[in-house]
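Listed below, chain by chain, are the residues.
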Amino acid sequence: MTHMDINIMGQQYRLVCKDGEERALREAAHYLDSKMSAIRDAGKVKGNDRIAVMAALGVAAEFLSVRSPQGPLSELTILEVKQKIEAMHEVLDAALTPQENLF
């Protein structure tokens, strides 16, 4: 096992991975950092937790479209996937906004 320090949106994380998987973990961290940074920089989503959820939804949609070409996402255009993600974002906003008032 190898300990690694990675950086996502300026936050340092110490992770453990199997020997020989360091490159894959660094690439995954870099990919996630770029997705989250793009969402943050667009200015439409506030809060690291929301940014992480939106990035996760985007990555999951990408994964599902590649993993299962015959699946429900296979017939969707990129625009339709973006629209679905935006709809999910609105639902998250509605659900998370009351929680922000607790802090």
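Here goes a summary of the coordinates provided.

Rules and cut-offs
Residues numbered from 1 in each chain as written. Predicted model: local features only at pLDDT ≥ 70, side-chain atom pairs only at ≥ 80, totals over all residues. Heavy atoms only, no water. Core = buried A, V, L, I, M, F, W, Y, C linked by side-chain atoms within 4.5 Å. Buried < 20%, exposed > 50% of the residue type's maximum accessible area, 1.4 Å probe, protein only. Helix = DSSP H or I, 4+ residues; strand = E, 2+ residues; numbered from the N terminus. Contact = heavy atoms within 4.5 Å. Salt bridge = Lys/Arg side-chain N within 4 Å of Asp/Glu carboxyl O. Expected span 1.5 Å × (residues − 1). Arc of directions from axis to C-beta.

### Some points on the nonpolar core
Step number 1: The biggest cluster of nonpolar side chains holds 12 residues, and these are Met-4, Ile-6, Ile-8, Met-9, Cys-17, Ala-29, Met-36, Val-45, Ile-51, Met-54, Ala-55 and Ile-85.
Step number 2: Every element with two or more residues in this core is listed here: strand 1 (2–8), helix 1 (22–42) and helix 2 (48–67).
Step number 3: The residues contacting Met-4, other than those within four sequence positions of it, are Tyr-13, Arg-14, Leu-15, Cys-17, Glu-22, Leu-25 and Arg-26.

### As for the pattern of salt bridges
Step number 1: Following the criterion strictly, the structure yields 4 salt bridges and no others.
Step number 2: When the shortest N-O distance is used, the salt bridge between Asp-5 and Arg-14 registers 3.1 Å.
Step number 3: Taking relative accessible area as the criterion, Arg-14 reaches 57% and is therefore assigned exposed.

### Quick look at the environment of Ala-29
Step number 1: Within the secondary structure, Ala-29 is located in helix 1.
Step number 2: Exposure remark for Ala-29: the relative accessible area of 7% places this residue in the buried category.
Step number 3: Sequence separation of Ala-29 and Asn-7 is 22 residues, and the distance between their C-alpha atoms is 7.4 Å.
Step number 4: Contacts of Ala-29, omitting those with residues within four sequence positions, involve Ile-6 and Ile-8.

### Focus on helix 1
Step number 1: The terminal C-alpha atoms of helix 1 lie 30 Å apart, and with 21 residues this matches the ideal 30 Å at 1.5 Å per residue to within 8%.
Step number 2: Among the residues of helix 1, Ala-29, Asp-33, Met-36 and Ser-37 are the ones counted as buried. Burial along helix 1 is one-sided: seen end-on, the buried residues are contained in an arc of 105°. Exposed residues pointing more than 90 degrees away from the buried face of helix 1 are listed as Arg-23 and Ala-42.
Step number 3: Remark: Gly-43 follows helix 1 within two positions and exhibits a positive phi of approximately 80°.

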